[in-house]
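Single-letter residue listing:
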Amino acid sequence: MAKNDIAKTIEISKALKFNGGGHFNHEFFWDSLCAPKDSHRPDHDTQLMRYILKTWDSFEQFEERFEKRTTAIQGSGWGWLAYNKKQHRLQFSATANQDLITDGNQDLVPILNMDVWEHAYYIDYKNARPVFLKQMWKVVNWEKVGERLAAAVKEHQPDYTKW
């Protein structure tokens, strides 16, 4: 690449963003899954469930809103459950294509994502993205999601000693 070749730099950065984002998003996704026998909804006394209930009032409402917003992604993309490190709460976020969750908001720490690229569901579910998402809850590794939340909360706790 020639020095100061802006066009080439832009081309390479787009490829890095797309391929790098794709790698991260997929690795994170696969690491969020487990066998159905090992997928257990978080207990009510866990930190994860407390955060879910604080934001959505019930686990069912969380699932419903996550499914609805993820289904609504046009084209390919990702639905995310994230910890907002400034607001100290969970929130939903969506990204298109292979964009990283932090591309749109640096305050979000991902704890779960769902792949809604057609390759993730088309063979088994055809165009029924909502059915695919409903089935995905059966293979979420909630223990891993809880560990991610705990790490995010611990790392981004407000320091009340400075007040």
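Quick caveat: nothing in here was measured; it's all calculated off a predicted structure. (Residues numbered from 1 in each chain as written. Predicted model: local features only at pLDDT ≥ 70, side-chain atom pairs only at ≥ 80, totals over all residues. Heavy atoms only, no water.)

1. Considerations on helix α6 (residues 129-136)
Listed as buried for α6 are R129, F132, L133 and M136. With its buried residues spanning 95° around the axis, α6 presents them on a single face. (Buried < 20%, exposed > 50% of the residue type's maximum accessible area, 1.4 Å probe, protein only. Helix = DSSP H or I, 4+ residues; strand = E, 2+ residues; numbered from the N terminus. Arc of directions from axis to C-beta.)

2. As for the sheet that holds strand β2 (residues 89-96)
Across the sheet, three strands lie side by side as β2-β1-β3; this open sheet has antiparallel pairing. This sheet does not close on itself; its edge strands, each paired only once, are β2 and β3 (108-115). Between one strand axis and the next, the sheet turns through 25° on average, direction left out of account. Note: strand β1 (residues 77-84) against β3, seven bridges, orientation antiparallel. Residue pairing in the sheet places N84 in a bridge with L108 of β3. Packed on one face of the sheet, helix α7 (residues 142-155) meets β1, β2 and β3 and runs near 160° to β3. (Pairing = 2+ DSSP bridges. Axes fitted to C-alpha atoms, helices over the stretch in contact; angles between N-to-C directions. Contact = heavy atoms within 4.5 Å.)

3. Quick look at the packing of aromatic side chains
In total, this model carries 15 aromatic pairs according to the counting rule given. Look at F28 and W80: their rings are 5.9 Å apart centre to centre, the planes differ by 45°, and that puts the pair in the tilted class. Residue F28 is found in helix α1 (residues 6-31), and its partner W80 is found in strand β1; the two are separated by 52 residues along the sequence. Both rings, one in F66 and one in F92, keep their centres 5.3 Å apart while their planes meet at 90°; by these two values the pair is edge-to-face. With a gap of 26 residues between them, F66 in helix α3 (residues 59-71) and F92 in strand β2 connect regions that are remote in the sequence. Members of the aromatic cluster, each reached through a chain of ring pairs, are W56, F59, F62, F66, F92, W137 and W142. Across from the ring centre of F28, 3.7 Å away, lies the NZ or CZ of R148, which sits over that ring. (Phe/Tyr/Trp six-rings, centres within 6.5 Å; stacked < 30°, edge-to-face > 60°. Lys NZ or Arg CZ within 6 Å of the ring centre and 35° of its normal.)

4. Here we look at the nonpolar core
Core analysis: the largest hydrophobic core is formed by 37 residues, its most contacted members being F62, L90 and W142. Secondary structure elements with two or more residues in this core: α1, α2 (47-56), α3, β1, β2, β3, α6 and α7. Setting aside residues no more than four positions away along its own chain, W142 makes contact with S39, H40, R41, P42, L48, F59, F62, L112 and W137. (Core = buried A, V, L, I, M, F, W, Y, C linked by side-chain atoms within 4.5 Å.)

5. What to know about the pairing of β1
With eight of eight residues buried, β1 is to be regarded as a mostly interior element. Residues G77, G79, L81 and Y83 line one face of β1 and the alternating positions W78, W80, A82 and N84 line the opposite face, and both faces are buried. In this structure, β1 lies alongside β2, joined through eight bridges in antiparallel fashion. When the sheet's bridge partners are listed, A82 is paired in β2 with Q91.

In short, geometric facts, not functional conclusions.
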